[in-house]
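Survey of secondary and tertiary structure
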Amino acid sequence: MKKLLTTICVMGLLASGFYVKAEEGFTSMFNGKDLAGWDGSPDLWSVREGVITGQTTKEKPARENTFLVWTNGQPGDFEIRCSFRIEANNSVGFANSGVQYRSKIVKPSYWVVAGYQADMEAGPNYTGGLYEEKMRGILVSRGQKMLVHSDGKKEVTGSLGSTADLEKEIHKGDWNEYVIIAKGNHLQQFINGKQMIDLVDEQTDKAATTGVIALQLHAGQPMTVQFKDLRIKMLQ
């Protein structure tokens, strides 16, 4: 028994050491208590049970897509890690959100943001994909390796797996970990450890190199989206 307990303790220490090493260099973006360091509609965004919560209702809808904006910088090269959960509070099953990055505020009065978006939804099609809000639209669908040439032409250069197989890695109605890595013109997105997209964006007149980070709350049907464990690491 003593030997078994010793083995368990050693394994626990190794696991703990690996976790610390994996998180080395990351800075928390959320204090778990309130929305300090973030800016958005107080009618739609709050902290509930220690997680950032965006919610629309029939009484308090989003007039258009609106965002909770991180106010502590406009990074260029970075890795973001967070967990999200999204729920459709309506009969049609619609709920859509995303993590904006390298984006810009285009309507400060309603916290409207444009730019790259790591997509998520309650439905089966878009979670994991890369959408460019208010700009070029869908840039990369889930499972694609994509090259956007300087003239804007898109070329699929490889596959990360079928969209159906990758969807099986997404926990519907439960927590999922999103990882976003942006370095130069190379963008990657992962959910629950599986790579969802890979983009090289050579359209320099459109591609953003720095910008704000923000969380989306989509206009339309009542819905709830939640985020926790948000942290960022700046890359060289």
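Our structure is the block above this text.
Quick look at the structure, then. These figures come from a predicted structure and were not determined experimentally. (Residues numbered from 1 in each chain as written. Predicted model: local features only at pLDDT ≥ 70, side-chain atom pairs only at ≥ 80, totals over all residues. Heavy atoms only, no water.)

This next bit is on unusual backbone geometry. The backbone phi angle of Asn 192 is positive, close to 50°, even though this residue is not glycine. Here Asn 192 lies in the loop between β14 (186-191) and β15 (194-201). By relative accessible area, which is 26% here, Asn 192 ends up partly exposed. Residue Asp 229 is not a glycine yet carries a positive backbone phi of 55°. Its place among the elements puts Asp 229 in strand β17 (residues 223-234). (Helix = DSSP H or I, 4+ residues; strand = E, 2+ residues; numbered from the N terminus. Buried < 20%, exposed > 50% of the residue type's maximum accessible area, 1.4 Å probe, protein only.)

This part is about the pairing of strand β8 (residues 112-121). Of all 10 residues that make up β8, 10 are buried, and the element is covered over most of its length. Pairing analysis gives 9 bridges linking strand β7 (residues 96-107) to β8, with the strands arranged antiparallel. By the bridge assignment, Lys 107 is partnered in β8 with Val 112. Relative to strand β9 (residues 130-133), β8 runs antiparallel, the two sharing 4 bridges. Of the residues in β9, the one forming a bridge with Ala 118 is Leu 130. (Pairing = 2+ DSSP bridges.)

Moving on: the sheet that holds strand β5 (residues 66-70). Taken in spatial order, the 7 strands line up as β2-β5-β16-β7-β8-β9-β10 in an open sheet, and their pairing is antiparallel. Edge strands, defined here as strands with exactly one partner in the open sheet, are β2 (38-39) and β10 (137-140). Judged from the 3 bridges that link them, β9 and β10 form a sheet pairing that is antiparallel. Within β10, the residue paired with Tyr 131 across the bridge is Ile 138.

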